[in-house]
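# What the coordinates show
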Amino acid sequence: MSNILYKNQHQLKQKSIYDYTVFKMMLETTDEQLIRFLNELYEGTNPANKSEKTNNSNKKKLVSLCYFLASINNKYINGIKVDIGSYLQTSGASAASIDTLANIRLSVLRKNVDRQKKVISDEHEQSVDNYCLQNIEKMFVLNIDDYHNIHRRTTPSLLETHNIFHFVTILLNSNPNISKIPYYSNNILLHNPKGIDFKLIIEKFENHFMNQIGKSYYEQNELWKQFLIEDSYENRIENLNVHNYDGRIQKHQELRSLNNSKLVDFILHPLHSIKDYIECSNVLFKVFERSENTDYLDHYVIPIIADWPGQVNLRRAITLKINKGLASGISEQILSLIPMIGPLHISLNILFRSGYFEGYLKGVVRIWVLFQRLRRRNYNKAPLVFLSDVFYWELNNHPMSDTLKNNLPIFNDYFVENFHSSIRNQTVESNNALQIIQKAKIIDAERYNNSFKESFINSRNLTISQDKLNYLEKKVSLFLFSLFDKIYHNIGNTIQIDNIKYPSFMLPKKCLLFNNIDSSDSIVLICGHGFHKECLALYNGKCSHCFNYLSFGIQKNINTLIARLTTPLKDNEIPLVEEEMNDSLDENNDEDMQNILERLEQNIDNQFEILYQKWSDYDSL
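These figures come from a predicted structure and were not determined experimentally.

### So, the overall build of the protein
- Helix and strand content of the protein: 27 helices and nine strands.
- Here the protein holds 621 residues, and the buried ones make up 47% of them.
- Nonlocal contacts in the protein, meaning residues at least 24 apart in sequence, comprise 74% of its contacts between residues at least 6 apart.

Dropping the structure here:
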């Protein structure tokens, strides 16, 4: 047995095997004398009187016992000890603790763990090339995001003012079921020659979305129910943990393992300007050049899911390349990229994860209306860019449209956020920048082959009682009741936008003849605007006030953005992303959510019933 395990580790360069069945088959096919060897060990555990769970646990113990027995015969059979030492280091165990376990032959020394991890880190570049070659016929989705280590010291020392490190994460994702998307299709380019087309968006709003906007959330939700996941206890728990990145959660292990993703690079560099993003793109281009796959970048599409700075800077680079060509100084390969907004930045997780594209698109429209009304300086533009691209692809039957509709959940920034969560979990304050970079590469490598964790690390199920779920839902309902109650009672207060006064959260309310019409002949839409029925019929049931306001907002925001995107590159380039301004809408003395919830917790059932009755009474107003 020792000879077999030594050969596997040092000659065949195989990882340790922890699966009982696979391990048994490996021994018996290699040496006939070992047939039934494991069976005899297993029968000695008295399996007939033990549960299936205990027997499975004992099988894992027997496999590890074989490795330890073999290591006594030959100290170079240390694969399981390396895995144990690596896991201990990842879990934050001290060097002294690891070395102590090494002294009793349960682990290797800390220095051996460090040496092994350096080897893994040094092999990272080759693993990236292999990943691209293996998936070259599939579609790639790219994540570019910044990472700041939270284990930081902000107090100055004699040598430095702080030890905050800023990194860039470049992560590729692929899916074995999605073929690569051509850049050209039936002479239709990926990028709209008109850029961001506000006329196309306004036309779509008028013909398809204005009636949808006129529906309340309740009405719309009733229409969406057939496409959404069932409102069961299990799904409610799942929704509660959308942003829980704990890989030990049993039901999330497959998703959180990120087996179809690959870290391209983890760079010590802040993301500030367009030049930083162009540099990150060049890192990706060099990977394809290194693996002799530049044809992919010349003929196929790589969507990039990014936050707003990533979207606007990459789109600016694309715009400058299209407009100025070689004079722009930007690589031709930048045109294979298409930046897109991700769901984590607009919080439409449920519709997104269900894969219901039409509902998701309507949700993006609604969320843009909210961003526009609240005058969010960047997010009143990001959804418009996405909508312009989608409408252009639909209009011209570009294959990007069908790929997006049929595979919505993969166009996600979840993967990079999950990766960042793993880095935070496995780094400490004492790690320097190079150690954090090495850690990132090791995390990436271990995702593909970490049978030790899969075999021995306990998974866990999140259990929350039905009563607790109902309690949490009531707490959220109370917060929303309180918020909407304040909005309702603030309707009479006006604010001024572009020399026009509007009620808070509302637009002008009535058509010209509304006051002269009997109430039985009038109607107030969900947006708060009042019409007499004959006038509303002339507009096909669409609110003309909202349409005019939104059309003006679409055109104004896109024109402002286009001016930004066409700004030439400068040597002293500075970020062109607008900072959020403290508009009058944001200036209030409302308590934050946590304070409200704490205040209501003492008597939540009574509060819920009181506010529910209060809102029910509004129906008669």
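Moving on, there is more to tell.
### Digging into the environment of F419
- Examined against the element boundaries, F419 turns out to sit in helix α20 (residues 414–425).
- Considering only alpha carbons, one finds F419 and I443, 24 residues apart in sequence, at a separation of 8.3 Å.

### Things to note about the pattern of salt bridges
- Applying the stated criterion across every chain, the model contains twelve salt bridges.
- A salt bridge links E43 to R36; the shortest N-O distance between them is 3.0 Å.
- Assessed through its relative accessible area of 47%, E43 is described here as partly exposed.
- Its relative accessible area of 39% is what places R36 among the partly exposed residues.
- K321 is the partner of E332 in a salt bridge, and the nearest nitrogen-oxygen pair spans 3.5 Å. Here the residue E332 occupies a position in the loop between α15 (308–324) and β5 (337–341), and K321 occupies one in helix α15, the gap between them amounting to eleven residues.
- Relative accessible area serves as the criterion here: at 5%, K321 is assigned to the buried category.
- When salt bridges that share partners are traced, they join E125, D129 and R290 into one network.

### Focus: a nonpolar patch on the surface
- On the surface, V476, L480, L483 and F484 cluster together into a nonpolar patch covering about 310 Å² of accessible area.
- Its place among the elements puts V476 in helix α23 (residues 466–488).
- A residue is classified by how much of its surface remains accessible, and V476, at 47% relative accessible area, is partly exposed.

### A short note on empty space enclosed by the protein
- Tallying each qualifying case throughout the model produces four cavities of 30 Å³ or more.
- Estimates place the volume of the largest cavity at around 70 Å³.
- Lining the largest cavity, in full, are L5, N8, Q9, Q14, K15, S16, I17, M26, Y67 and G79.
- Take the lining of the largest cavity: its biggest share by element is three residues, from helix α1 (residues 2–11).
- Considered class by class, the residues forming the lining of the largest cavity number four nonpolar, five polar and one charged.

### A look at the sheet that holds strand β2 (residues 166–179)
- In spatial order, the strands read β3-β2-β1-β4-β5; together these five strands make up an open sheet with mixed pairing. Two strands in the sheet have a free side with no partner beyond their single neighbour: β3 (261–268) and β5. Sheet twist, expressed as the average angle between the axes of neighbouring strands with direction ignored, equals 25 degrees.
- Two elements, strand β1 (residues 138–148) and β2, share ten bridges in a ladder whose sense is antiparallel. In the sheet register, N143 faces β2, and the bridge partner there is L171.
- Across the sheet, helix α19 (residues 399–406) is in contact with β1, β2, β4 (302–306) and β5; its angle to β5 comes to roughly 40 degrees.

### A few points about the packing of aromatic side chains
- In the structure shown here, the tally under the stated rule is 24 aromatic pairs.
- Seen in terms of ring centroids, F140 and F288 are 5.7 Å apart; in terms of plane orientation they differ by 80 degrees. Their pairing is edge-to-face. You can see F140 sitting in strand β1 and its partner F288 sitting in helix α13 (residues 274–290), a full 148 residues away along the chain.
- Plain terms: the ring middles of F531 and Y539 are 6.2 Å apart, the flat faces sit at 65 degrees to each other, and that makes the pair edge-to-face.
- F531 sits in the buried class, given a relative accessible area of 1%.
- Here a set of aromatic residues connected by ring pairs shows up, and it is made of Y18, F23, Y67, Y87, F452 and F456.

### Let's talk about the packing of helix α4 (residues 52–73) against helix α5 (residues 79–90)
- Running from N to C, α4 and α5 point in directions that differ by 115 degrees, and their axes come no closer than 9 Å. With respect to each other, α4 and α5 are oriented roughly perpendicular. Residue-level inspection shows S64, Y67, F68 and S71 of α4 in contact with α5, the latter providing I80, K81 and I84.
- Grouping the amino acids of the contact of α4 with α5 by side-chain chemistry returns four nonpolar, two polar and one charged.

### Focus: the nonpolar core
- Ranked by size, the top nonpolar core spans 93 residues in total, and within it F205 and F386 carry the most contacts.
- Setting aside chain neighbours within four positions, we find F205 in contact with M210, I213, V365, W368, L387, L550 and I554.
- Counting residues in hydrophobic clusters, the runner-up holds 23 residues, among them I4, V63, C66 and A70.

### With respect to helix α2 (residues 20–30)
- Along α2, the residues that are buried comprise Y20, F23, K24, M26, L27 and E28.
- In this structure, the buried side of α2 is in contact with α1, α3 (37–43) and α4.

### Structural notes on the environment of P568
- Mapped onto the elements of the fold, P568 is located in the loop between α25 (544–565) and α26 (593–600).
- Classification of P568 by relative accessible area gives partly exposed; the value is 44%.
- In this structure the C-alpha to C-alpha distance between P568 and S328, which are 240 residues apart in sequence, comes to 8.2 Å.

### Considerations on the side chain of N412
- Relative to the assigned elements, N412 resides in the loop between α19 and α20.
- Among the residues examined, N412 registers a relative accessible area of 11% and is labelled buried.
- Only 2.9 Å separates the side chain of N412 from the backbone nitrogen of Y414, close enough to count as a polar contact.

### Overview of α1
- Regarding α1, the residues found buried are S2, I4, L5, N8 and Q9. Relative to the axis of α1, the buried residues are bounded by an arc of 165 degrees and lie together on one face. For α1, the exposed residues set more than 90 degrees away from the buried face come down to N3 and Q11.
- Turning to α1, the residues buried within the fold contact α2, α4 and α5.

### Concerning the confidence of the model for the protein
- In this model, the protein carries an average pLDDT of 81, and 76% of its residues clear a pLDDT of 70 or more.
- Low pLDDT (under 50) marks residues 500–515, which in the prediction has 52 contacts with non-local residues, meaning those over four places away or in another chain.
- Within the model, the stretch residues 596–602 combines pLDDT values under 50 with nine contacts to residues more than four positions away or in other chains.

Procedures and definitions
Residues numbered from 1 in each chain as written. Predicted model: local features only at pLDDT ≥ 70, side-chain atom pairs only at ≥ 80, totals over all residues. Heavy atoms only, no water. Helix = DSSP H or I, 4+ residues; strand = E, 2+ residues; numbered from the N terminus. Buried < 20%, exposed > 50% of the residue type's maximum accessible area, 1.4 Å probe, protein only. Contact = heavy atoms within 4.5 Å. Salt bridge = Lys/Arg side-chain N within 4 Å of Asp/Glu carboxyl O. Patch = residues over 30% accessible without salt bridge, like charges linked within 9 Å, V, L, I, M, F, W, Y side chains within 5 Å. Areas by Shrake-Rupley, 256 points an atom, 1.4 Å probe, with all protein chains shown as cover. 1 Å grid on protein atoms, 1.4 Å probe; cavity = no way out; pocket = protein on both sides within 12 Å on 5 of 7 lines; lining within 4 Å. Points joined across faces, edges and corners; volume = space filled by probe spheres on them. Nonpolar A, V, L, I, M, F, W, Y, C, P; charged D, E, K, R; others polar. Pairing = 2+ DSSP bridges. Axes fitted to C-alpha atoms, helices over the stretch in contact; angles between N-to-C directions. Phe/Tyr/Trp six-rings, centres within 6.5 Å; stacked < 30°, edge-to-face > 60°. Parallel < 35°, antiparallel > 145°, perpendicular 65-115°, else oblique. Core = buried A, V, L, I, M, F, W, Y, C linked by side-chain atoms within 4.5 Å. Polar contact = N/O pair within 3.5 Å; in protein donor to acceptor, adjacent residues only side chain to side chain. Arc of directions from axis to C-beta. pLDDT = per-residue confidence, 0-100.

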